[in-house]
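Notes for the structure review
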Amino acid sequence: MSKFQNRSVVLARRPVGEVRDEDFRIETTAVRELRPGEFLIKVLWFSLDPYMRPKMNDVESYMPPMELGKVVQGESIGRIVASRSERFAVGEIVTSYTGWQQYAISSDQAALLHKVDPAGLPLSVFLGPAGMPGRTGYLGLTRVGDPKPGETVVVSAASGAVGSVVGQVAKRIGCRAVGIAGGAAKCRYAVDELGLDACVDYKAGKLAADLAAACPDGIDVYFENVGGAVSRAVAPLLNPGARVPICGYISRYNAKDIVSAESPFEIFGALPTPPEHRFFLVVEWEAEHAETTRQLADWIRSGELKYRESVAEGLDAAVPAFRGMLRGENFGKQLVKLADD
Ligand code: NAP
């Protein structure tokens, strides 16, 4: 065994509805010795992402379910602290899918493993606006939404990790950008800080009327993050030729049976003239990972791309923070910090 002790959050049973503390347990184990080609990552930050919740169910979708008794899966950023690899050296920073734990062994052959050159940026941004959520927002909007200058782009979960990038990129392209978010503070942030033209609070009780008022020329692109009542309010405002990149539908992720829960495909597919709509995954553009990350990081460095984070401290804070994110308690990218950069 090596000198390293690991603490990890393990999926103890399948959650039903909202996750509970008892669905998880913390395990402490010794880290084994490295084999040739392997290296050890000390996790500094890990990401809490909405997709993790459906992955905790025993349901096969575009990704296999998480396994019971195994570390909860997810992306992190960390520093290499021991190495028997020719390609990955001690001291280098990497993003990878280590899951919710302090240390993880990886290898030259691991998928979705990337070296990071922070060049002055805080490491956490490579899990947020310059990371998977940022690339999702940028690539999903530009490749599937294909917005043109002057068009109206609406994005839900507008203050969040993906949505905040979508709104700001829509503005860069010259669109009218309208956010939908939960609560006055998130809406104020979307307009005052992110620079959106308007933001509608879906919790204020008159979503359909407020959204119609914010979109006097209808909606050309709707970037779908939430589903449910929000999608139903968007649907009648879509213009002929509208595009709907379906990124996710978080309002259904705690559903007892997500497979039979109403999805945006049913809402948009049922319209007399359905918009162009399709689900996409950010990994469709994995070949553009480096270039897109560089672009987003440059915009953050120059102050052109704004972001906000909710940080939970320590492994024990992960489960409550995850539960909170699925209730909308986060404000910006939800992260767990394990150690200083
Ligand atoms: P996020 O927006 O930072 O956080 C989640 C937000 O969702 C909450 O803050 C909350 O914002 C909103 N929300 C929660 N419950 C809701 C409900 N019942 N109705 C409406 N809104 C609700 O999360 P994110 O990481 O950026 O993810 C946003 C979406 O992108 C998710 O659907 C996720 O699955 C998807 N995604 C897809 C891909 C892909 O490759 N397709 C990649 C990354 C993320 P409010 O307080 O504003 O409601």
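To keep things clear, this report deals only with the structure shown in the data block. Nothing here was measured: the structure is a model prediction, and the numbers come from that model.

A word on the overall build of the chain. Helices and strands together make up the secondary structure of the chain, namely nine helices and 15 strands. For 341 residues, the compact-globule formula gives about 20 Å, and the C-alpha radius of gyration of the chain, at 20 Å, lands near that figure. With respect to the principal axes defined by its C-alpha atoms, the chain has extents near 65 × 45 × 30 Å. For the chain, contacts bridging at least 24 residues in sequence account for 67% of all contacts bridging at least 6. Total accessible area on the chain is roughly 14400 Å²; 51% of this is exposed by carbon and sulfur atoms. Computed over 39 positive and 42 negative side-chain charges, the inter-centroid distance for the chain is 3 Å.

Now for a nonpolar patch on the surface. There is a patch of nonpolar side chains on the surface, built from Tyr-97, Leu-112 and Val-283 and spanning about 240 Å² of accessible area. Mapping Val-283 onto the fold places it in the loop between strand 13 (276-279) and helix 8 (289-301).

Bringing the sheet that holds strand 13 into the picture now. Here six strands make up an open sheet; going across it, the order is 10-9-8-11-12-13 and the pairing parallel. Strands with a single pairing partner mark the edges of an open sheet, and in this sheet they are strand 10 (198-201) and strand 13. The average angle at which neighbouring strand axes cross in this sheet is 15 degrees, direction not considered. One ladder, built from five bridges, connects strand 8 (residues 152-156) with strand 9 (residues 176-181); its direction is parallel. Among the inter-strand pairings, Ser-156 is bridged to a residue of strand 9, identified as Ile-180. Of the strands in this sheet, strand 8, strand 9 and strand 11 (219-223) touch helix 3 (residues 161-173), which is tilted by about 170 degrees from strand 8. Packing against the sheet, helix 4 (residues 184-192) makes contact with strand 9 and strand 10, and its axis sits at approximately 170 degrees to strand 10.

Criteria and cut-off values
- Residues numbered from 1 in each chain as written.
- Predicted model: local features only at pLDDT ≥ 70, side-chain atom pairs only at ≥ 80, totals over all residues.
- Heavy atoms only, no water.
- Helix = DSSP H or I, 4+ residues; strand = E, 2+ residues; numbered from the N terminus.
- Rg over C-alpha atoms; globule rule 2.2 N^0.38 Å.
- Contact = heavy atoms within 4.5 Å.
- Areas by Shrake-Rupley, 256 points an atom, 1.4 Å probe, with all protein chains shown as cover.
- Lys, Arg positive; Asp, Glu negative; His and termini not counted.
- Charge placed at Lys NZ, Arg CZ, Asp CG, Glu CD.
- Patch = residues over 30% accessible without salt bridge, like charges linked within 9 Å, V, L, I, M, F, W, Y side chains within 5 Å.
- Salt bridge = Lys/Arg side-chain N within 4 Å of Asp/Glu carboxyl O.
- Pairing = 2+ DSSP bridges.
- Axes fitted to C-alpha atoms, helices over the stretch in contact; angles between N-to-C directions.

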